[in-house]
Amino acid sequence: MNSLKPMLLSSLKSYDKSQFFKDVTAGIIVAIIALPLSIALALASGVGPEAGIFTAIVAGFVISALGGSSVQIAGPTAAFATIVAGIVAHDGMDGLIVATILAGIFLILMGLCHFGSLIKFIPFTITTGFTSGIAVTIVIGQLKDFFGLTYPTGVKPIETVEKFEAVIYHFSTMNVDAVIVGVVSLVILIIAPYIFKRIPGSLLAVIAGILMVQFLPLKVNTIGNLYTISNALPSLHFPSLSLNVIQNALPNALTIAVLAAIESLLSCVVADGMINGKQHRSDMELVAQGAGNIASALFGGIPATGAIARTAANIKNGGRTPIAGMVHSITLVIVLVVLMPYAGMIPMPTIAAILFIVAYNMCQWRTFVNLVKTAPKSDIIVLVTSFVLTVIFDLVVAIEVGMVLACLLFIKRMSEETKVNGWTYVDEDTPDVDEHLQKLPLQIRVYEISGPLFFGAASVIEKIVVKDFTTCLVLRMRSVPALDSTALNALKDLVQVCKSKGITIVFSHVNDQPMKVMEKAGFIELVGEENFQPSISAALDRAEEIIHSK
């Protein structure tokens with residue numbers, strides 16, 4: 001049960017004062033980084049700025065306390081922005097709360113059922129495709145605020161394509177003042193990391209944006225113009241529940257759960273590499289993510305997951321135990337009470353600029369381009385399909401279609417690896433042929449099957465040709481690692497055809513998995529146990545024995 005033990009309990013065994021001060025320092029720095037990001041991501045998700053802070057506080061604390069990683073920092077992330085915005089637009093905050101709670105339950109069940117290792121079965125091309133797609137949707141969603149566009153009453157685009165069309169149609173309403181603030185903020189965000197190693201660029205951009213709007217004659221929308229700002233602490237809120245509400249929330253909940261699992265475990269893997277390969281506990285991390293999301297939803301937050309950028313910042317500043325993540329949450333509580341009223345002064349173009357940088361950092365464009373240049377065509381198809389579907393439709397469609405497409409292409413690829421080679425009489429000088437296959441009697445026909453025999457490759461059995469002069473057919477299966485019922489049924493048909501012609505089939509070197517399938521299906525009794533031999537030499541001896549007996 002060590003896989004379901006919180007890393008906090010393990011970390012405290014050797015905890016000392018020196019590490020405590022490092023964790024506190026790292027936690028405070030990460031909180032400073034998380035503050036503007038949490039606000040920006042909340043606004044991108046279609047909720048109030050406090051919801052982002054609540055998420056970082058509640059989910060961040062719970063996930064650090066219960067998590068399977070020593071250094072993971074959790075909170076709102078860009079991956080959820082478009083999903084949450086869609087849920088809020090269609091089902092309101094109660095719909096989001098129900099979906100998030102259900103997602104939390106799914107995550108806990110995934111952890112308890114030890115599904116942590118199963119995430120590796122989601123193809124890299126799909127995760128890269130939808131991550132890049134999410135980045136594009138975030139950029140498109142922020143174009144309105146960056147350019148200060150004004151939409152007519154009633155125009156409230158929800159889908160990404162609708163948002164892009166609205167930008168095109170109303171681009172003539174561009175506010176030059178907003179563009180100035182946005183561009184200056186963007187420049188600060190780009191150059192700040194090269195000048196200030198310890199001060200987050202997003203904090204500098206926020207300060208610069210506030211100063212520009214307050215002291216220059218620039219008419220730009222701020223958070224305070226669009227949202228009501230409060231410094232109240234998060235309070236417990238239970239949504240109204242009904243069977244219909246729960247049924248409607250299930251698809252969204254499953255999407256949130258899968259995405260949270262993927263994002264958090266990917267962040268854990270990255271973190272492991274940064275702290276000399278110290279292994280996280282994936283099942284415990286999923287349970288913690290579930291508990292954190294349930295708590296976040298009940299206290300007015302949005303879905304949360306492990307945040308790679310904040311986790312990396314934690315590690316770089318000396319954080320090595322979950323205490324750092326808990327300090328990060330406590331620091332944000334203080335910030336919420338003291339500084340939240342001033343958040344209303346942050347210009348919306350600055351928020352857009354911050355999200356542009358977030359989108360750039362998560363888009364993996366170099367990886368995307370490299371895959372397009374070097375990957376097999378089937379992988380490129382999955383990559384591009386996942387990307388396009390994420391942008392045009394949503395993440396649910398992208399993952400569903402991407403997984404189905406990846407599986408179909410994998411089946412096709414594996415079926416091409418299954419081959420059948422046959423011999424009747426082989427000359428002594430024939431290269432690369434086993435010595436036991438040399439000088440075969442004409443009555444014996446040998447086929448070697450290589451590769452997995454499954455439903456996608458069962459048709460190769462049709463290539464086994466039975467000649468009229470054949471008395472014994474030897475099937476060499478040393479290179480068949482797996483057999484399924486479809487392929488076994490094809491073998492049964494072959495046995496029946498051979499029996500009708502008076503031909504005996506002898507199997508050579510059947511591996512463990514195919515043998516178990518044959519035993520369970522009664523195939524061994526059908527063929528005869530004596531006709532299963534451990535090697536080609538023994539199989540050929542058995543074949544000659546059959547010939548001499550006729």
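Located above this text is the structure these notes cover.
Here's what I pulled together on the structure shown here.

About the criteria used
- Residues numbered from 1 in each chain as written.
- Predicted model: local features only at pLDDT ≥ 70, side-chain atom pairs only at ≥ 80, totals over all residues.
- Heavy atoms only, no water.
- Helix = DSSP H or I, 4+ residues; strand = E, 2+ residues; numbered from the N terminus.
- Rg over C-alpha atoms; globule rule 2.2 N^0.38 Å.
- Buried < 20%, exposed > 50% of the residue type's maximum accessible area, 1.4 Å probe, protein only.
- Contact = heavy atoms within 4.5 Å.
- Areas by Shrake-Rupley, 256 points an atom, 1.4 Å probe, with all protein chains shown as cover.
- Lys, Arg positive; Asp, Glu negative; His and termini not counted.
- Charge placed at Lys NZ, Arg CZ, Asp CG, Glu CD.
- Disulfide = S-S within 2.5 Å.
- Phe/Tyr/Trp six-rings, centres within 6.5 Å; stacked < 30°, edge-to-face > 60°.
- Axes fitted to C-alpha atoms, helices over the stretch in contact; angles between N-to-C directions.
- Parallel < 35°, antiparallel > 145°, perpendicular 65-115°, else oblique.
- Nonpolar A, V, L, I, M, F, W, Y, C, P; charged D, E, K, R; others polar.
- 1 Å grid on protein atoms, 1.4 Å probe; cavity = no way out; pocket = protein on both sides within 12 Å on 5 of 7 lines; lining within 4 Å.
- Points joined across faces, edges and corners; volume = space filled by probe spheres on them.

## What about the overall build of the chain?
No. 1: Regarding its fold elements, the chain presents 21 helices and seven strands.
No. 2: For a compact globule of 550 residues, the expected C-alpha radius of gyration is about 24 Å, and the chain comes in at 31 Å, more than 25% above that figure.
No. 3: For the chain, the spread of C-alpha atoms along the three principal axes comes to 105 × 60 × 50 Å.
No. 4: Going through the 550 residues of the chain one by one, you find that 54% of them count as buried.
No. 5: Here the analysis covers contacts within the chain between residues at least 6 apart in sequence; of these, 83% occur between residues at least 24 apart.
No. 6: Carbon together with sulfur atoms contributes 63% to the accessible area of the chain, which is approximately 25,000 Å² in total.
No. 7: Counting 35 positive and 38 negative side-chain charges, the chain places the averaged centre of each group 8 Å from the other.

## Let's talk about the state of the cysteines
Cysteine pairs can be linked by a disulfide, which is a covalent bond between their two sulfur atoms.
No. 1: Considering all chains together, one arrives at zero disulfides under this definition.
No. 2: Considering cysteine sulfurs only, Cys472 is the nearest to Cys498, which forms no disulfide, with 9.3 Å between them.
No. 3: What makes Cys498 buried here is its relative accessible area of 0%.

## Observations regarding the packing of aromatic side chains
No. 1: Going through the model one piece at a time under the given rule, you end up with eight aromatic pairs.
No. 2: When the centroid spacing of 5.8 Å and the interplanar angle of 65° are considered together, the rings of Phe20 and Phe21 count as edge-to-face.
No. 3: Each ring, one from Phe146 and one from Phe147, has its centre 5.3 Å from the other, and the planes form 85°; the classification is edge-to-face.
No. 4: Given a relative accessible area of 7%, Phe146 falls into the buried group.
No. 5: Taken together, the ring pairs in this structure connect Phe146, Phe147, Phe171 and Phe356 into an aromatic cluster.

## Comments concerning the packing of helix α2 (residues 17-44) against helix α14 (residues 348-362)
No. 1: The interhelical angle for the contact between α2 and α14, taken along N-to-C directions, is 95°, at an axis separation of 9 Å. By the angle class used here, α2 and α14 are roughly perpendicular. Taken together, the residues of α14 that come into contact with α2 (itself represented by Pro36, Leu37, Ile39, Ala40, Leu41, Leu43 and Ala44) are Met348, Ile351, Ile354, Leu355 and Val358.
No. 2: Here the residues of the contact of α2 with α14 are counted per class, giving twelve nonpolar, no polar and no charged.

## Brief notes about empty space enclosed by the protein
No. 1: Scanning the model with the defined rule gives one cavity of 30 Å³ or more in all.
No. 2: Looking at the lining of the largest cavity, the elements with two or more residues in it are α3 (49-66) and α13 (322-339).
No. 3: Partitioned by chemical class, the residues of the lining of the largest cavity number four nonpolar, eight polar and one charged.

## Points about unusual backbone geometry
Leaving glycine out, the prevailing phi sign among residues is negative, and the prevailing peptide bond configuration is trans.
No. 1: Even without being a glycine, His114 presents a positive backbone phi close to 60°.
No. 2: Looking at the element boundaries, His114 is found in the loop between α4 (81-112) and α5 (124-147).
No. 3: Phi is positive for Gln364, close to 55°, though the residue is something other than glycine.
No. 4: With respect to the helices and strands, Gln364 occurs in the loop between α14 and α15 (365-374).

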